[in-house]
Amino acid sequence: MIMNKQIASFLNSFESQLKVMSPGRINFIGEHTDYNNGFVLPAAIDKKITFSFRKSVSKTQCTILSTTYQKLFTFSIDKISIREATWENYIVGVVAEMQKIISGIGAFDCIIDSDLPLGSGVSSSAALECGIAYGLNALFKLNLSTLQMIEISQRAEHEYVGTKCGIMDQYAVMKSKEGAVLLLDCLINKHSYIEASFDPYVIVLLNTNVSHNLASSEYNTRREECEFVVNTIRKDSNNVSSLRDVTFLQLQQYKDQLSKNHYERAAYVLEENERVLAAVECLKTGNLKQFGSLMYASHRGLQYQYDVSCPELDFLVDFSETNKEILGSRMMGGGFGGCTINLIHKNAVDDFVKEASKAYKEKFGIALTSFVTVPSQGTSMYS
Ligand code: ADP
Ligand code: MG
């Protein structure tokens, strides 16, 4: 790799004072439910971004290097504004949001390295935000709580990047524990851990390697559609402040006042919340077969009711559904591309990935990529 002089000299002179790792995440079920105050079932994965921090030798200037992009930028700690390059905004956004609630952040330098796929629905963005928040909290002994760091990271994405994401990604990245799945109630931002064993099945991510540019605009449109339903019902019932407060019966009563799309979006969210809770029971009782069926049902809801899937994702889920060794498959993340998450018998993974890759290549002319993962530790320090 050709490295420019500035990067080489920064790397050579860098002595790390603190190392942080921040993982990506998967989500078993509960898609587009977080911003509707619903339930989600994510876990961190064993792919991550790593960060080396040091206090800067300069009083005010911070230098950040992403080895992924082989790019470096500087900014002044006491004069932060939105930057042109998106990736830089995840970082300065976290610093700016931190400064709104606490003082004491000095100038710092950071090297960012990563083995996480970007823009594939495993939330490299939240991994990046949370790693910066966690690192600065430790480096400058700020005593922020984990929840504060989660909220700072989410706000950075809202205010500096413009994605009005829910809280799931940052929460899962920060709070996950090895070997556990996290049931998060996004109404009260509280979680419980479910020790999960999938053996003899393993978690396989298939990456469509497409990212349709509808993703961010449609994401914000879905949020608005859900809000519209809430506002329609709220005209008569003050106690309804999100879809979490809406019952199936209530939604049914408003069917005539809502367009077909609005009705379908809301029905999907209500059903998906129920599926998450049912999936948790399946994990607790070891009923992985039913757990997998709920994953398929989630995908069909996202495909037909919430309308955030795409032909590449649907193709992979359809392909999985014909294979007896696969318990469940669904699109994961915001949609319109990215990965599917699959529960596959460990002895069948290699053959399945080969077959799926061949079929996918024939159909779309695109190379499929895949990896096996396990529920892993959230953002933490390492030496
Ligand atoms: P996802 O969160 O699913 O990976 P997003 O589009 O939300 O997809 O976030 C991806 C963006 O996060 C990248 O385009 C980039 O701006 C930023 N990012 C993630 N990892 C890195 C990295 N290692 N170096 C620099 N920027 C990164
Ligand atoms: Mg993201």
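Above this note sits the structure.
Residues numbered from 1 in each chain as written. Chains lettered and ligands numbered in written order. Predicted model: local features only at pLDDT ≥ 70, side-chain atom pairs only at ≥ 80, totals over all residues.

Caption draft 1: View of the packing of helix α3 (residues 124–139) against helix α5 (residues 168–175). Between α3 and α5, the least distance of the axes is 9 Å, while the angle of their chain directions is 60°. If you check the angle between α3 and α5, you find them oblique. Where α3 crosses over α5, the handedness of that crossing is right-handed. Where α3 abuts α5, its residues A126, A127, E129 and C130 lie against D169, Q170, V173 and M174. Tallied by class, residues from the contact of α3 with α5 come to five nonpolar, one polar and two charged. (Axes fitted to C-alpha atoms, helices over the stretch in contact; angles between N-to-C directions. Helix = DSSP H or I, 4+ residues; strand = E, 2+ residues; numbered from the N terminus. Parallel < 35°, antiparallel > 145°, perpendicular 65-115°, else oblique. Left-handed = near helix turned anticlockwise from the far one by under 90°. Contact = placed C-beta atoms within 7 Å. Nonpolar A, V, L, I, M, F, W, Y, C, P; charged D, E, K, R; others polar.)

Caption draft 2: Local environment of the packing of helix α8 (residues 260–285) against helix α9 (residues 288–305). Between α8 and α9, whose axes approach to 9 Å, the crossing angle comes to 170°. Classed by the angle they form, the pair α8 and α9 counts as roughly antiparallel. Of the two possible hands of crossing, α8 and α9 adopt the one that is left-handed. Between α8 and α9, the residues in contact are E264, R265, A267, Y268, E271, E272, R275, A278, A279, C282 and L283 and L288, Q290, F291, L294, A297, S298, G301 and Q305, respectively.

Caption draft 3: Local environment of the sheet that holds strand β9 (residues 201–211). Read from one edge to the other, the open sheet built from four strands follows the order β10-β11-β9-β12, with strand pairing classed as antiparallel. Whereas interior strands pair on both sides, the edge strands pair on one side only; in this sheet they are β10 (326–331) and β12 (369–373). Taking each pair of neighbouring strands and ignoring which way they run, the sheet shows an average axis angle of 20°. Both β10 and strand β11 (residues 337–345) contribute to a ladder of five bridges, which runs antiparallel. Bridge pairing in β11 links I326 to I344. Contacting β9, β10 and β11, helix α10 (residues 311–321) crosses the sheet at an angle of about 170° to β10. (Pairing = 2+ DSSP bridges.)

Caption draft 4: Seen up close, the pairing of strand β7 (residues 180–185). Here strand β2 (residues 39–40) runs beside β7; their pairing, made up of two bridges, is antiparallel. Residue V40 lies in a different strand from β7, and its bridge partner there is L184. Relative to strand β8 (residues 190–195), β7 runs antiparallel, the two being bridged by six bridges. Bridging from a neighbouring strand, A180 pairs with E195 of β8.

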